[in-house]
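# Geometric and topological summary
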Amino acid sequence: MPIRVGVIGAGIMGADHIRNLSATVNGAEVTFVADLDAGRAAAAAPPSARTTTDPSELINSSEVDAVVIASHDSTHAGLVLECFEAMTPVLCEKPLAPTLLESLDVVEAEADIVAATGARLLSMGFMRRFDPGYAALRESTRLRSHGEPLIVHCTSRTVASGPGTSSETAITNSAIHEFDIIPWLLDSPITEVAWQAGRSSRHSPGELQDPAVMLLRTADGTLTTLELFLNAQYGYTTRCEVVSEGGTAALPEPAALVVQREGHRTAEIPADWRPRFADAYRLQLQAWISALERGEPAPLATGEDGLRASQVAQAMIRSLHSDGAFTKVIY
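The structure reproduced in this document is the subject of the present report.

Parameters at a glance
Residues numbered from 1 in each chain as written. Predicted model: local features only at pLDDT ≥ 70, side-chain atom pairs only at ≥ 80, totals over all residues. Heavy atoms only, no water. Helix = DSSP H or I, 4+ residues; strand = E, 2+ residues; numbered from the N terminus. Buried < 20%, exposed > 50% of the residue type's maximum accessible area, 1.4 Å probe, protein only. Contact = heavy atoms within 4.5 Å. Lys, Arg positive; Asp, Glu negative; His and termini not counted. Charge placed at Lys NZ, Arg CZ, Asp CG, Glu CD. Phe/Tyr/Trp six-rings, centres within 6.5 Å; stacked < 30°, edge-to-face > 60°. Lys NZ or Arg CZ within 6 Å of the ring centre and 35° of its normal. Pairing = 2+ DSSP bridges. Salt bridge = Lys/Arg side-chain N within 4 Å of Asp/Glu carboxyl O. Axes fitted to C-alpha atoms, helices over the stretch in contact; angles between N-to-C directions. Parallel < 35°, antiparallel > 145°, perpendicular 65-115°, else oblique. Left-handed = near helix turned anticlockwise from the far one by under 90°. Arc of directions from axis to C-beta.

In this section: the overall build of the protein. Along its length, the protein carries ten helices and 15 strands. Across its three principal axes, the protein shows a C-alpha extent of roughly 55 × 55 × 45 Å. Classification of the 331 residues of the protein by burial places 50% in the buried group. Of all intrachain contacts in the protein linking residues separated by at least 6 positions in sequence, the fraction that spans at least 24 positions is 71%. Averaged over its 25 positive side-chain charges, the protein has a centre that lies 7 Å from the centre of its 41 negative ones.

Next up, the structure:
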């Protein structure tokens, strides 16, 4: 029997998870979809799936074996805790929660379950760990193929920021990916951070300072630069380069189509993250479902990983409000 999955949130991310689970992931069946917008839930759900506007109904349904949470960040912690009460395995999109206290509550609640039953229920959706490019970059770095790493350069650009985005939520929602992937890549925790910004784009709404440059120092002494530009207008771009003592290694720039014509070479740039990380999302979901089938812990990021990323985010926000001073990460 397939693993029956309920998906909470039928927006861009949730709908993409539903398509993957229904068409590209073996051993899964989407049986229930929840969204506050009933029409959106119905549009995203497979024909045989039930829909609801009440996520609690989905979590407690006898027709659901596991849950994917892809709803608004502010709902993550509460929904994960409901899944714990139902003893239902859950894959939660990043971040674990918008605040550090909520993240701590979730991790402590899972620790109680592990102590009582041995069961680990929570997996985090830091899908870059499953991206073939990042995996190759990590292997190269671990093998010290080009010597000891010295500096890592990251770039993350999107077309436009979402409604209500602030400098703080840009950190907790967008930069959070690097807060997870850099310690994973270097096998060294982030110990201090700093936030800086210069001129802000005229396309930046409200008080959002965009672009911003963030500095991350890991325990091994490596310094990482992150340029986060949410209103870059031209498309979606993610880059990562590891500069080592004897050479560099960088992610390739994937392109679906390259055209050469009349003395020019052009390549299409995706409008959002889905084409760039399609393989990563598919591989992550397959790893999760396969682990559930075998009754084994899923090889995904854990709640503790989500908590550590939240701790880095809070340190970065403190730097933001301290004129960009280097700020220690408190674990």
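From this point, the narrative continues.
Summed over all chains, the structure comprises one aromatic pair. Pairing Tyr 236 with Phe 277 gives two aromatic rings, centres 6.5 Å apart and planes at 80°, and the pair type is edge-to-face. Here Tyr 236 is found in the loop between strand 10 (223-229) and strand 11 (237-244), whereas its partner Phe 277 is found in the loop between helix 8 (273-276) and helix 9 (278-294), with 41 residues between them in sequence. The burial state of Tyr 236 is the same as that of Phe 277; both residues are buried. Lying across the ring of Phe 326, Arg 217 places its NZ or CZ 5.0 Å from the centre.

Where strand 11 meets strand 12 (residues 247-250), four bridges bridge the pair, whose relative direction is antiparallel. Residue pairing in the sheet places Glu 241 in a bridge with Ala 250 of strand 12.

To continue, consider the pattern of salt bridges. This model, assessed by the stated rule, comprises 21 salt bridges. One salt bridge in this structure joins Arg 308 and Asp 305, with 2.7 Å as the shortest N-O distance. Of this pair, Arg 308 and Asp 305 both sit in helix 10 (residues 303-320), three residues apart, which is roughly one turn of the helix. For Arg 308, a relative accessible area of 39% corresponds to the partly exposed category. For Asp 305, a relative accessible area of 14% gives the class buried. Through salt bridges with shared partners, a single network forms among Arg 129, Asp 180, Asp 305 and Arg 308.

Turning next to the sheet that holds strand 2 (residues 28-34). Across the sheet, which stays open at both edges, the six strands sit in the order 3-2-1-4-5-6 with parallel pairing between neighbours. Edge positions in the sheet fall to strand 3 (50-52) and strand 6 (122-125), since each has one partner strand and no second. Averaged over all neighbouring strand pairs, the angle between strand axes comes to 25°, with direction disregarded. Taken together, the three bridges between strand 4 (residues 66-69) and strand 5 (residues 90-93) define a ladder with parallel strand orientation. Bridge assignment links Val 67 to a residue of strand 5, and that residue is Val 90. Along the sheet, helix 4 (residues 76-85) contacts strand 1 (3-8), strand 4, strand 5 and strand 6; its crossing angle with strand 5, the most-contacted strand, is approximately 175°.

One way to put it is that helix 7 (residues 167-186) packs onto helix 10 with a least axis distance of 9 Å and a crossing angle of 135°. Comparing the axis directions of helix 7 and helix 10 gives the class oblique. Crossing angle aside, the handedness with which helix 7 passes helix 10 is right-handed. For the pair formed by helix 7 and helix 10, the contact residues are Ser 167, Glu 168, Ile 171, Thr 172, Ile 176, Phe 179 and Asp 180 on the first element and Asp 305, Ala 309, Ser 310, Val 312, Ala 313, Met 316, Ile 317 and Leu 320 on the second.

Three or more residues of helix 4 are buried, namely His 76, Ala 77, Leu 79, Val 80, Cys 83 and Phe 84. Along the axis of helix 4, the buried positions cluster into a sector of 165°, meaning they face one direction only. Considering only its buried residues, helix 4 is in contact with strand 1, helix 3 (55-59), strand 4, strand 5, helix 5 (100-117) and strand 6. Once helix 4 finishes, Met 87 follows within two positions and takes phi at roughly 55°, a positive value.

Looking now at the sheet that holds strand 8 (residues 190-196). On the basis of which strands lie adjacent, the open sheet formed by seven strands has the order 12-11-7-10-9-8-15 and mixed pairing. The sheet is open, and its two borders are formed by strand 12 and strand 15 (327-328), each paired with just one other strand. Note: strand 8 against strand 9 (residues 212-218), six bridges, orientation antiparallel. Bridge pairing in strand 9 links Glu 192 to Arg 217. With respect to the sheet, helix 6 (residues 132-142) is in contact with strand 7 (149-157), strand 11 and strand 12, its orientation differing from that of strand 11 by roughly 10°.

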